[in-house]
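Observations on the model geometry
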Amino acid sequence: MLQTGSQLPCVVQKILVVDGWCTGVLFLLVRATDVDSAKHRIWTEVAGRQIFQVLKDKHGEGFEDFIEAKLCPLAGDVMYENFGLDKTKLEELYKNIDIIVNTAATTNFYERYDVAFDTNVLGAKHIAEFANKCTGLKMLLHVSTAFLAGEQEGLILEKAFLKGETLREGTHLYIESELNIIKDTRTELRANYSSEKAERKTMKELGLERARQFGWPNTYTFTKAMGEMMLGHLRGDLPVVIIRPSIITSLLKEPLPGWIEGIKTIDSVILGYAKQALKFFLVDPDTIMDVIPGDMVVNTMMVAMVAHSGEQAQTIYHVTSSLRNPASYALLQESAHRYFIDNPPRAGNNSEPIRLNKMRLFSTILHMVNIALCGAFSPYYNELNGKYRLAMSLIELYAPYTLFKGRFDNMNLERLRMAMEQTNNTEYYFDFDPMTIDWDDYFYRVHIPGVLKYLA
Ligand SMILES: NC(=O)c1ccc[n+]([C@@H]2O[C@H](COP(=O)([O-])OP(=O)(O)OC[C@H]3O[C@@H](n4cnc5c(N)ncnc54)[C@H](OP(=O)(O)O)[C@@H]3O)[C@@H](O)[C@H]2O)c1
């Protein structure tokens, strides 16, 4: 949640993040037992990270004071109504918040249904209810995902989901009924004295079953889609922007090229390849992987906030690359191979470079299984079998991405970029145009070194 000064200058976010000229305060809702623990989490998990080095260099000894003045911790949880905040705090927030940014989510594809529903669906509902009580709110920005398109093919438009809409023809989704299904399942499990493990398994399977019934490949994208529906339904006249990024990769330029946190999709493959634990992967090399550097996502968010402040509408942005500047898995394979030939990975500091084989990409499971089965007669069977299992687990996990055949339209994003370019503000340029990316250079020079530096 962001509270800025009374006026929203055009570059308000940049000022807040980089320069600190702005009088605004950033309220950060953090899951913690109390404000002190929330503050501790912010210092260790946010401001303590290397990405804040730019601000540390700028403010020197004044860095701590700067952060104390700008970041205001709130101990809360989006699963709860009013995030579990007390009345006095809420009253203060209702009066002072200008902009709400919601990125909270459970991003586990196969999360328990109750947890995913509470976070991604009820979380969005609680945010919308809170937003409706903020008297001077200019904007609610919600971060969703492009992959809530499920397994659709062809051109996917920046179009809102209507409440109840599904991806499977002939079905209608009643979100309230989903909550009842969760509650009934939980009651039944408890009545049968099910173990925690059994409860977790049942809830995970329930999520997947419900998702698939309505055409989504996993619980994550299904609940994110319902979250969008909730927001659209409850927003009333509120200005709402929904940002749908594809796979977010390391920062391209600002403030720290290559910086990334949390291992996501293609990064597991890069790390597995660097250790030579993963030598093959199931993906058609010509498949377009839709990736987008994190700073382009943030730049879009900042410009969209300013552009749509006070506008009583809902706008959706695909922050994606597959249409404007597609990158194939074959391209990543080539860039990674070149990178690791030039910079051979080593098991330890003083050890010999690991012998590198080019990663093989198979477009059919049959082909891949054949290769793995040949290994059954090899003296290295156990090692191969372990690698096969690692590959299979990653393949299964990332199938919604690697088998995806759609392209995300980003006409709205294009319009936003053109509008920004017409403002003649040469002081700051918020780049979110995927056309400016040379993918081979980005993977070789920025992303792969970033993954090895920050994630290995
Ligand atoms: N990463 C991607 O490639 C990608 C792509 C498209 C869209 N997105 C979207 O971008 C957003 C951020 O994703 P991410 O990859 O950064 O995910 P992440 O690393 O899993 O972070 C999720 C964040 O949400 C917080 N959170 C979870 N449940 C919460 C709750 N009940 N109340 C308050 N906070 C809660 C987590 O807090 P804790 O630290 O307490 O766990 C964490 O800080 C998500 O909305 C996701 O759907 C991500």
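Structural data are supplied above this passage.
These remarks concern the structure in this document. Given the structure is predicted, the values throughout are model-derived calculations rather than measurements. (Residues numbered from 1 in each chain as written. Predicted model: local features only at pLDDT ≥ 70, side-chain atom pairs only at ≥ 80, totals over all residues. Heavy atoms only, no water.)

Moving on, we get to the nonpolar core. Counting 84 residues, the largest nonpolar core has Leu-141, Ile-243, Phe-281, Met-289, Tyr-317, Phe-340 and Phe-443 as its most contacted members. With residues near it in sequence (within four places) discarded, Phe-340 still touches Ile-270, Tyr-273, Ala-274, Pro-345, Leu-356, Ile-448 and Leu-452. With 44 residues, the next largest nonpolar core counts Leu-85, Leu-122, Phe-214 and Phe-222 among its residues. (Core = buried A, V, L, I, M, F, W, Y, C linked by side-chain atoms within 4.5 Å. Buried < 20%, exposed > 50% of the residue type's maximum accessible area, 1.4 Å probe, protein only. Contact = heavy atoms within 4.5 Å.)

Moving on to empty space enclosed by the protein. What the rule picks out here adds up to 3 cavities of 30 Å³ or more. Size it by volume and the largest cavity reaches roughly 200 Å³. Forming the boundary of the largest cavity are 17 residues, of which Ile-266, Val-269, Tyr-329, Leu-332 and Met-359 lie nearest the centre. Elements with a minimum of two residues in the lining of the largest cavity: helix 10 (266-274), helix 12 (329-342) and helix 14 (381-402). Looking at the lining of the largest cavity residue by residue, the classes come out as 14 nonpolar, 3 polar and no charged. (1 Å grid on protein atoms, 1.4 Å probe; cavity = no way out; pocket = protein on both sides within 12 Å on 5 of 7 lines; lining within 4 Å. Points joined across faces, edges and corners; volume = space filled by probe spheres on them. Helix = DSSP H or I, 4+ residues; strand = E, 2+ residues; numbered from the N terminus. Nonpolar A, V, L, I, M, F, W, Y, C, P; charged D, E, K, R; others polar.)

Among the 6 residues in strand 7 (residues 240-245), 6 count as buried, and that is most of the element. Pairing of strand 5 (residues 139-143) with strand 7 involves 4 bridges; the strand directions are parallel. Pairing of Val-143 across the sheet is with Ile-243, part of strand 7. Where strand 7 lies against strand 11 (residues 314-319), 6 bridges are found, and the strand directions are parallel. Within strand 11, the position partnered with Val-241 by the bridge is Thr-315. (Pairing = 2+ DSSP bridges.)

Let us look at the packing of helix 10 against helix 12. Contact pair helix 10 / helix 12: the axes reach a minimum separation of 11 Å and the direction vectors enclose 35 degrees. The handedness of the crossing between helix 10 and helix 12 comes out as right-handed. Residues Ile-266, Ile-270, Tyr-273 and Ala-274 of helix 10 form the contact with helix 12, whose participating residues are Tyr-329, Leu-332, Ala-336, His-337 and Phe-340. Looking at the contact of helix 10 with helix 12 residue by residue, the classes come out as 8 nonpolar, 1 polar and no charged. (Axes fitted to C-alpha atoms, helices over the stretch in contact; angles between N-to-C directions. Left-handed = near helix turned anticlockwise from the far one by under 90°.)

What follows concerns the site of the ligand. Within the structure, the ligand sits among 20 residues, and Arg-31, Arg-41, Asp-77, Tyr-220 and Lys-224 are positioned closest to it. A distance of 2.9 Å is found between an oxygen atom of the ligand and a side-chain nitrogen or oxygen belonging to Thr-107. Contacts to the ligand include Ile-248, whose backbone N or O atom sits 2.9 Å from an oxygen atom. Against a free-state accessible area of 890 Å², the protein chains account for coverage of 73% of the ligand. Class assignment of the residues belonging to the shell around the ligand gives a composition of 9 nonpolar, 6 polar and 5 charged. (Near = heavy atom within 4 Å. Polar contact = N/O pair within 3.5 Å; in protein donor to acceptor, adjacent residues only side chain to side chain. Areas by Shrake-Rupley, 256 points an atom, 1.4 Å probe, with all protein chains shown as cover.)

Inspection of the secondary structure assignment puts Asp-433 in the loop between helix 15 (411-421) and helix 16 (439-454). On the basis of relative accessibility, which here comes to 7%, the residue Asp-433 falls in the buried class. For Asp-433, the side chain forms a polar contact with the main-chain nitrogen of Met-435, separated by 2.9 Å. For Asp-433, the residues in contact, after removing those within four places along its chain, are Met-296, Arg-324 and Arg-417.

With that settled, consider the environment of Thr-44. Topologically, Thr-44 is positioned in helix 2 (residues 35-46). For Thr-44, a relative accessible area of 36% translates into the label partly exposed. A distance of 2.8 Å separates the side chain of Thr-44 from the backbone oxygen of His-40, its partner in a polar contact.

A full pass over the atoms with the stated rule returns 24 salt bridges. Ionic pairing is found between Asp-431 and Lys-253, a salt bridge with its closest N-O pair at 3.0 Å. Separated by 178 residues along the polypeptide, Asp-431 in the loop between helix 15 and helix 16 and Lys-253 in the loop between strand 8 (247-249) and helix 10 bring together distant segments of the chain. Accessibility expressed as a relative area gives 9% for Asp-431, which makes it buried. (Salt bridge = Lys/Arg side-chain N within 4 Å of Asp/Glu carboxyl O.)

We now examine unusual backbone geometry. Cis geometry is adopted by the peptide bond preceding Pro-255, which originates at Glu-254 and carries an omega value of -10 degrees. Position of Pro-255 among the secondary structure elements: in the loop between strand 8 and helix 10. For Phe-83, which is not glycine, the phi torsion reads 60 degrees and is therefore positive. Residue position: Phe-83 is located in the loop between strand 3 (71-75) and helix 5 (87-96).

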